[in-house]
Amino acid sequence: MRRRELLLAAPAWALLPQARASEAAMREALHAWAGGEPPCGPLMIEIAALVENGNAVPVRVAAAEPVTGLALFTPLNPEPEVIHVSLAPDCPRPEFSTRIRLARSQTLIAAARTADGRCWQAGVEVIVTLAACIE
């Protein structure tokens, strides 16, 4: 890219939405998904407590009872909403597994929603020694 093209594209970059890495942004995203502050409940987050490299961290979220939705949130990554999963109400194993990038040590929050609208959350602290997602 030439300097002239860069200067012409700069105003467009300013209009792009900014990454929101904060506890407040994560809570806002959680409240929007759950419709308020969900209580703690029967939800399991499987992730290593100490992560050497934050570039591809395996994580598994599972609910102990039937749910129609699962979500994962991180307060210190550039985007607080990691994933939302929709499930059938009669799903025999309400869970998902993925790999995420972690910017630094933080508390991950998982949330679940039942067919009747009840929601709950669980959190787990993860220590990251080599960060990813650096802005």
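Let me begin by describing the structure that accompanies this report. Not measured: the values here are computed from a predicted model. Think of each chain on its own: its residues are numbered from 1, step by step along the sequence as written. Local features are withheld for residues below a pLDDT of 70 in this predicted model, meaning they are given only at 70 or higher, and side-chain atom pairs are given and counted only at 80 or more; totals for whole chains, interfaces and linings count all residues. Computation of side-chain values: all heavy atoms of the structure, hydrogens and water removed.

### Topic: the sheet that holds strand 7 (residues 106–113)
Right, on to step 1. One open sheet accounts for five strands, arranged 2-8-7-4-5; its pairing is mixed. With partners counted over all chains shown, the strands left at the sheet margins are strand 2 (50–53) and strand 5 (81–86), one partner each. Averaged over all adjacent pairs, the angle separating strand axes in this sheet is 25 degrees, with direction ignored.
Right, on to step 2. Pairing of strand 4 (residues 69–73) with strand 7, which is carried by five bridges, proceeds in the antiparallel orientation. Residue pairing across strands places Gly 69 opposite Arg 113, the latter belonging to strand 7.
Right, on to step 3. Residues are treated as being in contact if the distance between any of their heavy atoms lies within 4.5 Å. Lines are fitted to the C-alpha atoms to define the axes, a helix being fitted only along its stretch in contact, and any angle between axes, read from their N-to-C directions, falls within 0 to 180 degrees. Numbering of helices and strands runs from the N terminus; a helix is a DSSP stretch of H or I covering at least four residues, while a strand is a stretch of E covering at least two. Across the sheet, helix 2 (residues 23–34) touches strand 4, strand 5, strand 7 and strand 8 (119–130), and the angle it forms with strand 7 is around 10 degrees. Paired strands, in this sense, are two strands between which DSSP finds at least two bridges.

### Focus: the pairing of strand 8
Right, on to step 1. Direction of pairing for strand 2 relative to strand 8: parallel, over a ladder of three bridges. Of the residues in strand 8, the one forming a bridge with Leu 50 is Ile 127.
Right, on to step 2. Counting the residues that bridge the hairpin from strand 7 to strand 8 gives five residues, and of these Gly 117 lies at a positive phi of roughly 95 degrees.

### Comments concerning the sheet that holds strand 6 (residues 95–100)
Right, on to step 1. Judged by pairing direction, the sheet is antiparallel, and its three strands sit side by side in the order 1-3-6 without closing on themselves. Lying at the two open borders of the sheet, with one neighbouring strand each, are strand 1 (43–46) and strand 6. Averaged over all adjacent pairs, the angle separating strand axes in this sheet is 15 degrees, with direction ignored.
Right, on to step 2. Sheet topology places strand 1 next to strand 3 (residues 57–63); four bridges connect them, and they run antiparallel. Each residue of the ladder has a partner; that of Met 44, found in strand 3, is Ala 62.

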